[in-house]
Amino acid sequence: MKSNSRIKDPGIILTIVLVFVSLFVLIWWPTDIYLMGISLAGWLMFSTYIIWFLLAAIYVLWIEKKDENNE
Amino acid sequence: MQVLETVILAIYLIGMTIIGIYFTKRAHSSEDHYWTAGRSINSYVGAFALFAALASSSSLMGAVGSGVALGIPFLFAYGFGAVAILPFTMFLVSGQIRRSGVATLPEFFKQRFGNSVQVVSVFIVVVGMTFYMVPQMTASGLIGSYVLGIEYKTAVIVLGLGCTLYAALGGMWAITYTDLIQGALILIGMFVLAALVLFEHGGLSALVQDALAAAPHFGDVTQPWLSYFGLFLAFLWFGIVSPSAVMRNFASRDARTARRSAMWACLLYLLVFVFGFVVAAGGASLGILDTLENRDMIFVSVIEHYMSPVLAGIMFAGLLAAIMSSADAMLLAISAGVARDIYKEYINKEASEKTVTRIGFVVMIVASIIGILIAINPPQLIAIMVGWVGGFLLSSFGFPLVLGIWWKRANKQGALAGMLGGAIMFLILVITEPFALVSEPIIAAPVSLLLTIVVSLATSPPSEEIQSRVESYHRDQKAV
């Protein structure tokens, strides 16, 4: 991989996605809205769990595909 | 004394020790086997090992305890950072560090920045990991004192030394294979406990209503925003800056196995936090928080309330398993730091593998004794102590490591300034307490980032050789 293409690295791209999702939760921070008696800010953090796993799966498949293409 | 629970615990601990002894001969056959299990662990064993190393006593007792005491959003914030640990580590460092061919974090710092940075990093690893033993020892003491009916202090000493014994005897082989069992126990135990809680309350919605009836602030964000943000940051970075977790990565057969292990371990960790939510709601519904001497004991109360003695015994074994596997991984990081990175590097270059392994053994014993001594009078809640360790390592290692991998211009002076500046700033903030709990890395980590960049730019760039090595971290695996 050349240094000038580092911004296109799957790891960097998915890190940017992770940062955006985190920022969305932490900036919106809806503490006064409640669902089932629990603050929506809490539910938003809870829902990120599945997003983090999906990002991990996307990364693994992406890199494996990249490896296959390089072979 | 809870007799049945004690018997199950005893059988478990003896079983684990036998596994440790069984792998001793294999482990001591060479240094590489001792530290990284000969790099031959497959992706399923690797996933459980990674998961068990991450699912520490804090993930279970601390998260549940803080979720009940400080409101369930606090537990959600825990998982918000913690479930992202492995993906975040994969995205930014794990493939690159593997490609660099080093076995420990300080070794990477030496390869990239030179000897002085390595020495400082070993010092930080040893301090951080030794302190990280404290919450593990605290949790084992709490469980042990309840089950065995002995004094907390005695429980900390007995369980702490028992755990050290098999880690020291077997190295990574023993740790990895006992982790497989421990990882499974944690997961199944949490699943069964969550199912029992849900069954007793008649579903999730009724359970949450019961929890809110007994603890009206259960669903609230009770702490300042900075605390949630700080906790998120400290856990998010934990895989990158924690030497124990990073070392696990090298025990996999190849890069593909390492990535798959991390992905599946992420799913296991996600499940533990989902089950943890149910368990915390069950704990809140008991309405006994104010009667407990130590809020971290709420998890033990939930087990006692919802489970039969046999299941409770297995669950306590699972909890101790989580504690032991985390403590073992820390002990291994400490002993690797001192025996390999300091003794063999700087004191006796000619030392035989046997001598290095033996020194590692002694260092493990000394570190665990220090951990035990501090844990006899723990300074804070488990969750907060773990948050401190994550914050300290992030503030000192995080940016020098990531910039070392991704930015060729980062140099020795910048890394030293970033590491020391971040660590010192973190300690000042912990001691002076100007902000909300566990929010220290929000200030200290950017200070480290700024120092690494500014000092690197103000001094001469690294040699051509080092710059081309940074390029090689990013070349495809096949080309290396």
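Engineer: Help me out: how do you make sense of the overall build of chain A in this one?
Structural biologist: Per the secondary structure count, chain A includes two helices and two strands. In chain A, the succession of α and β elements from N to C terminus is α-β-β-α. Scaling as 2.2 N^0.38, a compact globule of 71 residues should have a C-alpha radius of gyration of about 11 Å, whereas chain A reaches 17 Å, well beyond that. In terms of principal-axis extent, the alpha carbons of chain A reach across some 55 × 20 × 10 Å. A total of 71 residues make up chain A; the buried ones form 49% of that total.

Engineer: Looking at this structure, I do not really get the overall build of chain B. What am I missing?
Structural biologist: Check the secondary structure of chain B and you find 22 helices and zero strands. Counting only residues that meet the buried cut, chain B has 64% of its 480 residues in that class. Put simply, of all contacts in chain B between residues at least 6 apart along the chain, 84% involve residues at least 24 apart. Accessible area for chain B stands at about 16,100 Å²; split by element, carbon and sulfur atoms hold 67% of it.

Engineer: Could you clarify how one ought to interpret the layout of surface pockets in this entry?
Structural biologist: The gaps of empty space that remain are located by a probe, the size of a water molecule, rolled over the atoms. Taken as a whole, the largest pocket holds about 450 Å³ of empty space. Lining the largest pocket we find 22 residues, and of these A:Val19, B:Phe88, B:Leu233, B:Leu236 and B:Trp237 sit closest to its centre. For the lining of the largest pocket, the secondary structure elements donating two or more residues are helix H1 (10-28) of chain A together with helix H7 (85-100), helix H12 (225-236), helix H19 (382-406) and helix H21 (441-458) of chain B. Looking at which element gives the most residues to the lining of the largest pocket, the answer is H1(A), with eight residues. In terms of residue class, the lining of the largest pocket is made up of 20 nonpolar, two polar and no charged.

Engineer: Just checking my understanding: could you explain the nonpolar core for this structure?
Structural biologist: The nonpolar side chains of a soluble globular protein tend to be buried with one another. Residues and elements named next belong to chain B. Counting residues in each nonpolar core, the largest one holds 178 residues, and the members touching the most others are Phe76, Leu193, Trp237 and Phe299. For this core, the leading source of residues is H19, giving 17 residues. Once residues lying within four places of it in the same chain are set aside, the contact partners of Leu193 are Val279, Phe299, Val302, Ile303, Tyr306, Met307 and Met315.

Engineer: What am I meant to see in the packing of H1(A) against H7(B) here?
Structural biologist: Two measures define how a pair of helices packs: the angle their axes make with one another and the distance between the axes. Relative to each other, H1(A) and H7(B) sit at 140°, their axes nearing to 8 Å. For the crossing formed where H1(A) meets H7(B), the hand is left-handed. Note on element contacts: H7(B) touches H1(A) through B:Phe88, B:Phe91 and B:Leu92, opposite A:Gly11, A:Ile12, A:Leu14, A:Thr15 and A:Leu18. By residue class, the composition of the contact of H1(A) with H7(B) is six nonpolar, two polar and no charged.

Engineer: I tried to follow the interface of chain A and chain B on my own but got confused; where do I start?
Structural biologist: The figure often quoted for interface size is the accessible area lost as the parts come together. Of the residues lining the interface, 41 residues belong to chain A; the matching set on chain B comes to 47 residues. Here chain A meets chain B over a buried area of about 3,900 Å², counting both sides, of which 72% is carbon and sulfur. Between the two partners, chain A and chain B, sit three salt bridges. With a shortest N-O distance of 3.4 Å, A:Asp67 and B:Arg259 are connected by a salt bridge. Counting across the interface, chain A meets chain B through eight residue pairs in polar contact (both at pLDDT 80 or more).

Engineer: I tried to follow the packing of aromatic side chains on my own but got confused; where do I start?
Structural biologist: Taken as a whole and judged by the stated rule, the model has 32 aromatic pairs over all chains. Pairwise contacts between aromatic rings join A:Trp43, A:Phe46, A:Tyr49, B:Phe51, B:Phe76, B:Tyr78, B:Tyr132, B:Phe235, B:Phe238, B:Tyr269, B:Phe273 and B:Phe277 into one cluster.

Engineer: Help me understand the side chain of B:Gln467 in this model?
Structural biologist: Residue and element names in this part refer to chain B. Here Gln467 lies in helix H22 (residues 464-473). Note on Gln467: relative accessible area 16%, which makes it buried. Setting aside anything within four residues of it in sequence, one finds Gln467 in contact with Lys408, Pro461 and Pro462.

Engineer: Help me understand the pattern of salt bridges, please; the structure alone is not making it clear to me.
Structural biologist: Two side chains carrying opposite charge are able to pair once their charged atoms lie near each other. Within this structure, the stated rule accounts for six salt bridges over all chains. For A:Glu64, the salt bridge identified is with B:Arg256, shortest N-O distance 3.7 Å. Of the two residues, A:Glu64 sits in helix H2 (residues 40-70) while B:Arg256 sits in helix H15 (residues 255-286), which places them in two different chains. Looking at A:Glu64, the relative accessible area reads 9%, which means it is buried. For B:Arg256, a relative accessible area of 42% gives the class partly exposed.

Engineer: Explain a nonpolar patch on the surface to me, please; I cannot follow it from the model alone.
Structural biologist: All names here are of chain A. Together, Ile50, Ile51, Leu54, Ile58 and Trp62 line one region of the surface with nonpolar side chains, adding up to about 420 Å² of accessible area. Mapped onto the secondary structure, Ile50 falls in helix H2. For Ile50, a relative accessible area of 46% gives the class partly exposed.

Engineer: When you look at helix H20 (residues 412-432) of chain B in this model, what are you seeing that I'm missing?
Structural biologist: Every α-helix winds through 3.6 residues per turn, so residues three or four apart in the chain are directed the same way. All names here are of chain B. Taking 1.5 Å of rise per residue, the 21 residues of H20 would be expected to cover 30 Å, and the 30 Å separating its terminal C-alpha atoms lies within 8% of that figure. Taken together, the buried positions of H20 are occupied by Gly414, Ala415, Ala417, Gly418, Met419, Gly421, Gly422, Ala423, Phe426, Leu429 and Val430. Contacts made by the buried residues of H20 are with helix H8 (105-113), helix H9 (115-148), H19 and H21. You can read the cap of H20 off the contacts: a side-chain oxygen lies 3.4 Å from the backbone nitrogen of Gln413, and it is on Asn411. At the C-terminal side of H20, Glu433 shows a positive phi close to 50°.

Engineer: Honestly, the UniProt feature "transmembrane region" (unreviewed entry) in chain A in this entry has me stumped. Any pointers?
Structural biologist: Residues and elements named next belong to chain A. The feature "transmembrane region" (unreviewed entry), as given by UniProt, occupies residues 12-29 and 41-62 in the numbering adopted here. With 94% helix and 0% strand, the stretch residues 12-29 has end C-alpha atoms that lie 26 Å from each other. Helix makes up 100% of residues 41-62 and strand 0%. Its end C-alpha atoms lie 31 Å apart.

Engineer: For this particular structure, what's the right way to read the side chain of B:Ser456?
Structural biologist: Tracing the chain through its elements places B:Ser456 in helix H21. Apart from residues lying up to four places away in sequence, B:Ser456 is in contact with B:Trp407, B:Arg409, B:Ala410, B:Asn411, B:Gly414 and B:Leu451.

Engineer: Looking at this structure, how should I read the environment of B:Pro379?
Structural biologist: All names here are of chain B. Mapped onto the secondary structure, Pro379 falls in the loop between helix H18 (353-375) and H19. Each C-alpha atom of the pair Pro379 and Val134 lies 9.1 Å from the other, and the pair is 245 residues apart in sequence. Leaving out residues up to four positions away in the same chain, Pro379 has contacts with Phe131, Val134, Ile374 and Met385.

Engineer: What is the right way to look at the packing of H8(B) against H9(B) in this model?
Structural biologist: Residue and element names in this part refer to chain B. Put simply, H8 and H9 touch, their axes get as near as 7 Å, and they point 160° apart. Between H8 and H9, the angle is such that the two are roughly antiparallel. In this structure, H8 meets H9 at a crossing whose hand is right-handed. Across the interface between the two elements, Pro106, Glu107, Phe109, Lys110 and Phe113 of H8 pack against Asn115, Val117, Gln118, Ser121, Val122 and Val125 of H9. When the residues that make up the contact of H8 with H9 are grouped by side-chain class, the tally is six nonpolar, three polar and two charged.

Cut-offs used in this document
Residues numbered from 1 in each chain as written. Chains lettered and ligands numbered in written order. Predicted model: local features only at pLDDT ≥ 70, side-chain atom pairs only at ≥ 80, totals over all residues. Heavy atoms only, no water. Helix = DSSP H or I, 4+ residues; strand = E, 2+ residues; numbered from the N terminus. Rg over C-alpha atoms; globule rule 2.2 N^0.38 Å. Buried < 20%, exposed > 50% of the residue type's maximum accessible area, 1.4 Å probe, protein only. Contact = heavy atoms within 4.5 Å. Areas by Shrake-Rupley, 256 points an atom, 1.4 Å probe, with all protein chains shown as cover. 1 Å grid on protein atoms, 1.4 Å probe; cavity = no way out; pocket = protein on both sides within 12 Å on 5 of 7 lines; lining within 4 Å. Points joined across faces, edges and corners; volume = space filled by probe spheres on them. Nonpolar A, V, L, I, M, F, W, Y, C, P; charged D, E, K, R; others polar. Core = buried A, V, L, I, M, F, W, Y, C linked by side-chain atoms within 4.5 Å. Axes fitted to C-alpha atoms, helices over the stretch in contact; angles between N-to-C directions. Left-handed = near helix turned anticlockwise from the far one by under 90°. Buried area = accessible area lost by both parts, 1.4 Å probe. Salt bridge = Lys/Arg side-chain N within 4 Å of Asp/Glu carboxyl O. Polar contact = N/O pair within 3.5 Å; in protein donor to acceptor, adjacent residues only side chain to side chain. Phe/Tyr/Trp six-rings, centres within 6.5 Å; stacked < 30°, edge-to-face > 60°. Patch = residues over 30% accessible without salt bridge, like charges linked within 9 Å, V, L, I, M, F, W, Y side chains within 5 Å. Expected span 1.5 Å × (residues − 1). UniProt positions renumbered as here; feature names shortened; annotations may be inferred. Parallel < 35°, antiparallel > 145°, perpendicular 65-115°, else oblique.

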